[in-house]
Amino acid sequence: MLTDYHVHLRPDEQGTPAAEHFTPANAQRYREAASERGIHELGVSEHLHRFAQALEVWTHPFWRQQATDDLDDYCAFVREQTDLRLGIEADFVPGREDRMQNLLEAREWDYVIGSVHFLRDEAVDMRGGQWDIWRSADPDAIWRRYFETLGEAARSGLFDVLAHPDLVKVWGDGAPRPRADPRRYYELAIDAIADSDVAIEVSTAGLRKPVGEIYPARAFLELCLEAGRPVALSSDAHLPGELGHEYERAVEWLAEMGVGELAVFERRERRLEPLG
Ligand SMILES: [Zn+2]
Ligand SMILES: [Zn+2]
């Protein structure tokens, strides 16, 4: 079994309206590309912040710019006009857990993917933009806050999967690196992850980013495996051609670490299936 659950039906740029991308023909393009790569468990997980209802949770200016589509239209499209699993990629917004829970519980997802892109109002993955956290803060402080927040996201119980778990490394040498060993920061998240029931995403998206590595780092994944957490495999594709990107490498890497099963989701129930 191979899965690709963290998948977007359109690029993140503006000018990618739902009407052009949430179509049976586009879903079919994704299904065909996945089949060619041997991926049978395929789902989509659009960014929550591209839907108007996201503003019930948080009103960051970036979200206000982006939140234009209707969330229930998206859910109805996926359920009624495609054979894809229905997911969503939602940010963890500290202090807004109740609002997020209300929004999520009002819809029938197959899975909810939780992400940490923002630390307060600044983002770790928007280099050079208005909300670029790397312009001001100390890299060790950013890494510490990132992993503390990731732990809180796991502990919140809001999510089935923790996305790109060490996204903070995304820029590689294109952002200041922490001075301390990253393991010191991983430790800040691991107790909360061990106490949670969340699956850990192994994402090949990092191989397409400046860092050029799978998310998460091997040392971080090993801690999660020791804590008994299952693995969810995804590519974070934003185009059909990115589905299953470098999966051969990921599968080999997982096998080296003794991972023999992948998490599979349906109506927010998780089961494990043999990997490969
Ligand atoms: Zn993300
Ligand atoms: Zn994503």
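Above this text sits the structure in question.
Scoring rules and cut-offs
- Residues numbered from 1 in each chain as written.
- Chains lettered and ligands numbered in written order.
- Predicted model: local features only at pLDDT ≥ 70, side-chain atom pairs only at ≥ 80, totals over all residues.
- Heavy atoms only, no water.
- Axes fitted to C-alpha atoms, helices over the stretch in contact; angles between N-to-C directions.
- Helix = DSSP H or I, 4+ residues; strand = E, 2+ residues; numbered from the N terminus.
- Parallel < 35°, antiparallel > 145°, perpendicular 65-115°, else oblique.
- Contact = heavy atoms within 4.5 Å.
- Donors = N, O, S within 2.8 Å, 3.2 Å for Na, K, Ca; no water.
- Tetrahedral: all angles 85-135°; square planar, octahedral: opposite > 155°, others 65-115°.
- Buried < 20%, exposed > 50% of the residue type's maximum accessible area, 1.4 Å probe, protein only.
- Pairing = 2+ DSSP bridges.
- Phe/Tyr/Trp six-rings, centres within 6.5 Å; stacked < 30°, edge-to-face > 60°.
- Salt bridge = Lys/Arg side-chain N within 4 Å of Asp/Glu carboxyl O.
- Polar contact = N/O pair within 3.5 Å; in protein donor to acceptor, adjacent residues only side chain to side chain.

A.B. asks: Explain the packing of helix α6 (residues 139-155) against helix α7 (residues 182-195) here, please?
C.D. replies: Packed helices, taken two at a time, are described by their axes: the angle between them and the distance between them. Close contact between α6 and α7 brings their axes to 7 Å; oriented N to C, the two are set at 10 degrees. Here α6 lies roughly parallel to α7, going by the angle between them. Taking contact as the criterion, the partners of Asp 140, Trp 143, Arg 144, Phe 147, Glu 148, Leu 150, Gly 151, Ala 154 and Arg 155 in α6 are, on α7, Pro 182, Tyr 185, Tyr 186, Leu 188, Ala 189, Asp 191, Ala 192, Ile 193 and Asp 195.

A.B. asks: Explain the coordination of the zinc ion (ligand 2) to me, please; I cannot follow it from the model alone.
C.D. replies: Metal coordination angles have textbook ideals: 109.5 degrees for a tetrahedral set of four donors and 90 or 180 degrees for an octahedral set of six. Distances from the zinc ion (ligand 2) to its protein donors, namely His 6 (NE2), His 8 (NE2), Glu 89 (OE) and Asp 236 (OD), fall within the range 2.0 to 2.4 Å. Of note is the zinc ion (ligand 2), whose 4 donor atoms meet at the metal with angles of 80 to 164 degrees in an arrangement that counts as irregular. Written as a sequence motif, the donor residues of the zinc ion (ligand 2) are H-x1-H-x80-E-x146-D. In this structure, the zinc ion (ligand 2) lies 3.6 Å from the zinc ion (ligand 1), and both are coordinated by Glu 89. In this pair, His 6 sits in the loop between β1 (3-4) and α1 (18-21) while Asp 236 sits in the loop between β9 (231-234) and α9 (247-256), placing the two residues 230 residues apart along the sequence. Look at His 6 and you get buried, because its relative accessible area is 0%. In this structure Asp 236 comes out as buried when scored by relative accessible area, which is 7%.

A.B. asks: When you look at the environment of Pro 274 in this model, what are you seeing that I'm missing?
C.D. replies: Relative to the helices and strands, Pro 274 is located in strand β11 (residues 269-274). With 192 residues separating them along the chain, Pro 274 and Thr 82 place their C-alpha atoms 25 Å apart. With near-sequence residues (within four places) excluded, Pro 274 lies in contact with Met 1, Gly 260 and Glu 261.

A.B. asks: It is not clear to me how the pairing of β11 should be interpreted in this structure. Could you clarify?
C.D. replies: The two faces of a sheet get side chains in turn, since along a regular strand they alternate between them. Note: strand β10 (residues 261-266) against β11, 6 bridges, orientation antiparallel. Paired with Phe 265 across the two strands is Arg 270, which belongs to β11. Joining the antiparallel neighbours β10 and β11 is a turn of 2 residues, in which Arg 267 adopts a positive phi near 50 degrees.

A.B. asks: Please explain the packing of aromatic side chains as it appears in this structure.
C.D. replies: Aromatic ring pairs are reported here in terms of the distance separating the ring centres and the angle at which the planes meet. Within this structure, the stated rule accounts for 18 aromatic pairs. Relative to Phe 118, the ring of Phe 62 lies with its centre 6.3 Å away and its plane at 45 degrees, an arrangement referred to as tilted. On the criterion of sequence distance, the pair formed by Phe 62 in helix α3 (residues 61-66) and Phe 118 in strand β5 (residues 118-119) is long-range, its members being 56 residues apart. A single burial state applies to Phe 62 and to Phe 118, both of which are buried. When the centroid spacing of 5.9 Å and the interplanar angle of 65 degrees are considered together, the rings of Phe 62 and Trp 131 count as edge-to-face. Pair noted here: Phe 62 is in helix α3 and Trp 131 is in the loop between β6 (122-123) and α6, with a separation of 69 residues, a long-range link. Each member of the pair, Phe 62 as well as Trp 131, carries the same accessibility label: buried.

A.B. asks: Please explain the pattern of salt bridges as it appears in this structure.
C.D. replies: In total, this model carries 25 salt bridges according to the counting rule given. Among the salt bridges present, the one from Arg 183 reaches Asp 181, with a minimum N-O distance of 3.7 Å. Between Arg 270 and Asp 197 there is a salt bridge, with its nearest N and O atoms 3.0 Å apart. With Arg 270 in strand β11 and Asp 197 in the loop between α7 and β8 (199-203), the pair connects residues that are 73 residues apart, well separated along the chain.

A.B. asks: Please explain the coordination of the zinc ion (ligand 1) as it appears in this structure.
C.D. replies: The protein atoms that coordinate the zinc ion (ligand 1) are Glu 89 (OE), His 117 (NE2) and His 164 (NE2), at distances of 2.1 to 2.2 Å. As a motif over one chain, the donors of the zinc ion (ligand 1) read E-x27-H-x46-H.

A.B. asks: Would you take a moment to explain the sheet that holds strand β3 (residues 85-91) for this structure?
C.D. replies: In any sheet, the strands associate via hydrogen bonds between backbone groups, in a parallel or an antiparallel arrangement. Taken in spatial order, the 7 strands of this open sheet run β1-β2-β3-β4-β7-β8-β9, and their pairing is parallel. Of all strands in the sheet, those with a lone pairing partner are β1 and β9, marking the two edges. As judged from the 2 bridges shared by strand β4 (residues 111-115) and strand β7 (residues 161-162), these two strands associate in the parallel manner. Pairing of Gly 114 across the sheet is with Leu 162, part of β7. Contacting β1, β8 and β9, α9 crosses the sheet at an angle of about 165 degrees to β9.

A.B. asks: Explain the environment of Glu 256 here, please?
C.D. replies: Structurally, the position occupied by Glu 256 is in helix α9. Along the backbone, Glu 256 and His 21 are 235 residues apart, and their C-alpha atoms lie at a distance of 38 Å. At a separation of 3.1 Å, a polar atom in the side chain of Glu 256 contacts the side chain of Arg 218.

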